[in-house]
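# Observations on the three-dimensional arrangement
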Amino acid sequence: MIDVTATASEAENNRVRANVMRLAAAQALTGANSAVIFATGSIVGAMLAPDVSLATVPLSMYVAGLAAGTLPTGMLSRAYGRRAAFIAGTAFGICTGLLAALAILRGSFLLFCCATFLGGLYGAVSQSYRFAAADGASAAFRPKAVSWVMAGGVFAGVLGPQLVQWTMDIWSPYLFGFSFLVQAAVALVAMGILAGVDMPKPAPVDLHRGRPLLEIARQPRFIAAALCGVIAYPTMNFVMTSAPLAMKMCGLSLSDSNFGIQWHIVAMYGPSFFTGALIGRFGAPIVVATGLLLEAGAAIVGLSGITAMHFWATLIVLGTGWNFGFVGASALVLETHRPEERNKVQAFNDFLVFGMMAIGSFSSGQVLADYGWAAVNWVVFPPVILGVAVLAMVSRMKRQASLS
């Protein structure tokens, strides 16, 4: 009996680890798709938009797609299993590249915005990779599974901007047109990888079990986790969205911009190789607080100068802070729900994060155009202070409850 149980446990561990490897590879490819959008979106927007203040709207449409896709991703995963949601996401990714290339060829700002919105839907599905990695994993392995999948983004940081660098002039004078065509091919490869993920459809009984969502969302632990995710990701996006256009406005080259975005993405995902271990040792709240403070540090660097080095340093510190803040907040979310509640809770958390991110993203270009790069950085400080304060309060409540 013991041997049978041990064999079953080993088989489950092997299944989880195999899924983690596939999800990490998919994260790299999906991240490359989003890297192309973020490296080029505001620049293409400036070329196609009727007014420069609308230049970041394509990136905001991407974020709107992220917000719009989170709840449907959760519902699709609950009804048909995570793999079905993953395949649907990559289909949106293929459409993104094809439609964006067509928009650039035709000079259509509206069509390009539609393409980036579809890219956001693809991105919304990819946000569930980190949670999917924890399905069936032991409590001790979950933070590591989440961080290992996020580590796949390191390769996205190399692949995405380099893809832009290699292809941006191939269809001259249609700058970046061929880049998006290659992006569609990358999404197709991701579809093939995700087709092999072993994640069975949820049992019918699980669809009707679990606590009401409102009851879960009222937990102080969930409030802190969601709030910190809402701060860590949108704050990073607010600064990063403006950075390529701000660099161009400061007279820096497209190569400087691509380099900055490349190392920003590497910094976003590189720490994931050890973030899980740090969470296991120090706890998620400490790691989240560190991430939020690093984002504030990035803003300080951004306020100190406008050379290429200042922009690069800002983006690197910003990416590192995002990793600690977002991976830590994701680990906190995993502590707030039961297995049968995971899809609805995780989808709701991501809806909150990306809904707020969409609001901030639409204002980013306007802030940059009206008030400049310094104002973009000053916006970072109030939400960071709020997040650290809430984390401290919830951690104190937990300590008092354990002593009583």
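The structure we're discussing is the one just above.
Summary of the structure given here. Sequence order as written defines residue numbering, which begins from 1 separately in each chain. Residues qualify for local features only when their pLDDT is at least 70, as the model is predicted, and side-chain atom pairs are given and counted only at 80 or more; totals for whole chains, interfaces and linings, by contrast, use all residues. Calculation of side-chain values draws on the structure's entire complement of heavy atoms; hydrogens and water are dropped beforehand.

## Let's talk about the overall build of the chain
Per the convention used, a helix needs a DSSP run of H or I reaching at least four residues, while a strand needs a run of E reaching at least two, with both numbered from the N terminus. Looking only at helices and strands, the chain has 17 helices and zero strands in total. Both definitions apply: the radius of gyration is a C-alpha atom measure, and the globule rule equals 2.2 Å times residues to the power 0.38. For the chain, the C-alpha radius of gyration of 20 Å lies close to 22 Å, the compact-globule estimate for 404 residues. Only protein chains enter the calculation, and the probe is 1.4 Å; a residue is then buried if its accessible area is under 20% of its type maximum, exposed if over 50%, and partly exposed in between. Here the chain holds 404 residues, and 56% of them are scored as buried. Throughout, the Shrake-Rupley method with a 1.4 Å probe supplies accessible areas, and for residues the shown protein chains are the sole cover considered. About 16100 Å² of surface is accessible on the chain, with carbon and sulfur atoms providing 70% of the total. Across the chain, the mean location of the 23 positive side-chain charges is 6 Å away from that of the 16 negative side-chain charges. In this tally Asp and Glu are treated as negative and Lys and Arg as positive; neither His nor the chain ends contributes. To locate a charge, take NZ of a lysine, CZ of an arginine, CG of an aspartate or CD of a glutamate.

## Digging into the environment of F176
Residue placement: F176 occurs in the loop between α7 (153-167) and α8 (177-194). Residue class for F176 comes out buried when judged on its relative accessible area of 1%. The spacing of F176 and C250 is 74 residues in sequence and 21 Å in space, taken between C-alpha atoms. We call two residues in contact when some of their heavy atoms are within 4.5 Å. With near-sequence residues (within four places) excluded, F176 lies in contact with T40, I43, V44, I104, V164, M168 and L254.

## Overview of the side chain of T241
As for its placement among the helices and strands, T241 is situated in helix α10 (residues 220-249). Those residues in contact with T241 that sit more than four places away from it in its chain are F38, S42, T56, L59, S361 and S364.

## Side note on the environment of V394
Mapped onto the secondary structure, V394 falls in helix α17 (residues 381-403). The buried category is assigned to V394, whose relative accessible area is 8%. Once the C-alpha coordinates of V394 and F222 are considered, the two residues, 172 residues apart in sequence, prove to be 9.9 Å apart. Residues contacting V394, with those up to four places away along its chain left out, are P220, R221 and A224.

## Observations regarding the packing of aromatic side chains
By convention, a stacked pair of Phe, Tyr or Trp rings (six-membered ring in the case of Trp) has centres within 6.5 Å and planes under 30 degrees apart, an edge-to-face pair has planes over 60 apart, and any other such pair is tilted. In total, this model carries 14 aromatic pairs according to the counting rule given. Taking the centre distance of 5.4 Å and the plane angle of 75° together, the rings of W171 and F178 count as edge-to-face. A relative accessible area of 28% means that W171 is categorised as partly exposed. One aromatic cluster in this structure is built from Y233, Y269, W322, F326 and F354.

## Some points on the environment of L71
Of note, L71 is situated in helix α2 (residues 57-80). With relative accessibility at 32%, the residue L71 sits in the partly exposed group. The spacing of L71 and W171 is 100 residues in sequence and 38 Å in space, taken between C-alpha atoms.

## Regarding the packing of helix α12 (residues 272-282) against helix α14 (residues 308-334)
What counts as an axis is a line fitted to C-alpha atoms, over the stretch in contact for a helix, and the angles between N-to-C directions run from 0 to 180 degrees. Where α12 meets α14, the closest approach of the two axes is 10 Å, and the angle between their N-to-C directions is 50°. Overall, the two elements α12 and α14 adopt an arrangement that is oblique. Crossing of α12 against α14: the hand is right-handed. Residues S272, F274, T275, L278 and I279 of α12 form the contact with α14, whose own contacting residues are N323, F324, V327, G328 and A331. Considering only residue class, the contact of α12 with α14 consists of six nonpolar, four polar and no charged. We call two directions roughly parallel when the angle between them is under 35 degrees, roughly antiparallel when it is over 145, roughly perpendicular when it lies between 65 and 115, and oblique otherwise. Handedness of each helix crossing follows the sense of rotation of the near helix against the far helix: counterclockwise by less than a right angle gives left-handed, clockwise gives right-handed. Residues are grouped as follows: Ala, Val, Leu, Ile, Met, Phe, Trp, Tyr, Cys and Pro are nonpolar; Asp, Glu, Lys and Arg are charged; all remaining types, including Gly, are polar.

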